[in-house]
Amino acid sequence: MTEDVPLRNPPPAFLGAGFAQFAAEQPLLASLVIGVGLVILAYVSFRLARILLVRLVNPLTERTRYRWDDALKGRTFFRRLSYVVPLIVIRAGLPYLPALQTTVLLERLLSVAMAIVVARAFAALVNAFGDVYAKGPNAAQRPIKGYLQVIVLVGYLLAAIVIIAIVVQRDPVVILTGIGAASAVLILVFQDTLLSLVAGMTITNNDLVRIGDWIEMPEFNADGDVVDIALNTVTIQNWDKTFTVIPTHKFLGHSFKNWRGMQASGGRRIKRSLLIDMSTVRFIDDEDVERLSRFALLRPYFADKRRDIAEWIEEHPAAAEDPVNSRRLTNLGTFRAYIGRYLQTRPDIAQDMTFLVRHLEPTPQGIPIEIYVFVSDVRWAVYEGVQADVFDHLLAILPEFDLKVFQSPSGADMRSLALPAPDDGGSAVSGPSAA
């Protein structure tokens, strides 16, 4: 009589002694039956997990007033998590397959699959937290997308270390020790990522750049609004609707202009000059004063100046001997006073911010009269419209003061100088033969 050899992987006890005897006599057929049952059980558990986590939990998220559950649904966190259940069922049933001589290889493969599923679910959880934070009041001022990407990257790295440890049957701590020994190579490989991480922390902590800021970086031809701040890149949508993607660490090595201060102040600066032809600058007499007094804006100015000059002449008797010894008004100074009073009457010019109408150093192109004021509306189109209106008016009113702006001679100017207008006798003839 032969003695039965015990099975390496006996079937579960709840199947009864009869099935155990059947498994001992027909291990391959018994393994097939148990395997099919295990697959069916795994599929049923997967469907139940989907029903519980996806079909029941997801509709509940729409009924709550909290945002985090909506974010978990949007990132398919529950769907990803449901894949863990069938893997656990199959791994738990592997030791009960009689025909399998060893289950180590399959257990490793299932453990690797579980590590991947858990890592993906963890990434969805972190991204869902980022979605919730992005809807908060501090999201634009303190973006954390770069930090979350680092956390997701670390999660995937840890999952990779666990997978390697499972495959080579080593302690994960040993794998980490080996990675520490190769840190110099890793730093070299991930140099840009580490630099971007440090730059992102500096940008966030110092509040240098926010989403929605208007940024100018001439080195990268970037001029527009920041639309995204990630771990490795900052995306800028330029005014021509193109996108410029700049490495985050470049913000520490290159200068850039942030227009946030202008937008927050509520005023946008006009800094532009009119180049006045210096040959047209002269004193004005009483007749000019009477003529310019037609401007209601200048009447208080002339009244104040006449009173000041009269008081000054009383203190300086020599002024009565000859006008050259007296204080006198100029057409350029009067025009400058008119500009100031004209700008004060405009409601779209901020009166509580820097307000200057000044002379700059004379140049070969004339004497610049600079207007340095702020428009009370920071919108680009409105600002450009106000600036154009101001200088349209000043250029049109300038001849009233007997002043001219400098303009480089054009071909038409040269032609008019070389060919003067014909006289009454016919065409004009120039040159020696005209006699």
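This structure is a prediction, so every number in the text was calculated from the model and none was measured. Once a new chain begins, its residue numbering starts again from 1 and follows that chain's sequence as written. Since the coordinates come from a predicted model, pLDDT governs what is reported: local features require at least 70, and pairs of side-chain atoms require 80 or more to be given and counted, while whole-chain, interface and lining totals use all residues. Water and hydrogen atoms play no part in the side-chain values, which are based on all heavy atoms of the structure.

**Student:** Break down a nonpolar patch on the surface for me, with residues and values.
**Tutor:** A patch is a set of surface residues, each over 30% in relative accessible area and not in a salt bridge, joined within 9 Å for like charges and within 5 Å for the nonpolar side chains Val, Leu, Ile, Met, Phe, Trp and Tyr. To measure how exposed things are, a 1.4 Å probe is used in the Shrake-Rupley method; for residues, cover is taken only from the protein chains shown. Salt bridges are defined by distance alone: a side-chain nitrogen of Lys or Arg within 4 Å of a carboxyl oxygen of Asp or Glu. A contiguous nonpolar patch, built from Leu32, Val36, Ile40, Tyr43, Val44, Leu48 and Ile51 and spanning about 660 Å² of accessible area, is present on the exposed surface. If you trace the backbone, isoleucine 51 turns up in helix α2 (residues 27-63). For isoleucine 51, a relative accessible area of 34% corresponds to the partly exposed category. In this description a helix means any DSSP run of H or I spanning at least four residues, a strand means any run of E spanning at least two, and both kinds are numbered starting from the N terminus. Three labels apply to residues, based on accessible area from a 1.4 Å probe with only protein chains included: buried if under 20% of the type maximum, exposed if over 50%, partly exposed otherwise in between.

**Student:** Can you lay out the sheet that holds strand β6 (residues 268-276) for me, pointing to particular residues and giving the numbers?
**Tutor:** One open sheet accounts for three strands, arranged β6-β8-β7; its pairing is antiparallel. Each edge of the open sheet carries a strand with a single partner, namely β6 and β7 (356-359). Taking each pair of neighbouring strands and ignoring which way they run, the sheet shows an average axis angle of 15°. In this analysis, strands are considered paired if DSSP registers two or more bridges between them. When β7 meets strand β8 (residues 367-375), the two strands line up antiparallel, connected through four bridges. Of the residues in β8, the one forming a bridge with arginine 358 is glutamate 370. To define axes, lines are fitted to C-alpha atoms, for helices over the stretch in contact only, and angles between the resulting N-to-C directions are given on a 0 to 180 degree scale.

**Student:** Talk me through the confidence of the model for the protein chain; I want residue IDs and the actual numbers.
**Tutor:** Per residue, pLDDT captures the predictor's confidence, and it can take any value from 0 to 100. Averaged over every residue, the pLDDT of the protein chain is 79; the share at 70 or more is 76%. Looking over the protein chain, one finds the lowest element-wise mean pLDDT in helix α1 (residues 16-25), namely 54, and the highest in β8, namely 95.

**Student:** Which residues make up the pairing of β8, and what values go with them?
**Tutor:** With nine of nine residues buried, β8 lies mostly within the body of the structure. Residues of β8 alternate between two faces, with Ile367, Ile369, Ile371, Val373 and Val375 on one and Pro368, Glu370, Tyr372 and Phe374 on the opposite face, all of them buried. Bridging between β6 and β8 involves nine bridges; their strand directions are antiparallel. Bridge pairing in β8 links leucine 274 to isoleucine 369.

**Student:** Report on a negative patch on the surface, specifying residues and quantitative values.
**Tutor:** A surface patch of negative charge is lined by Asp308, Glu311, Glu314 and Glu315. For glutamate 315, a relative accessible area of 61% translates into the label exposed. All tallies of charge rest on Lys and Arg as positive and Asp and Glu as negative; His and the ends of each chain are not included. Where a charge lies is defined by one atom per residue type, namely NZ (Lys), CZ (Arg), CG (Asp) and CD (Glu).

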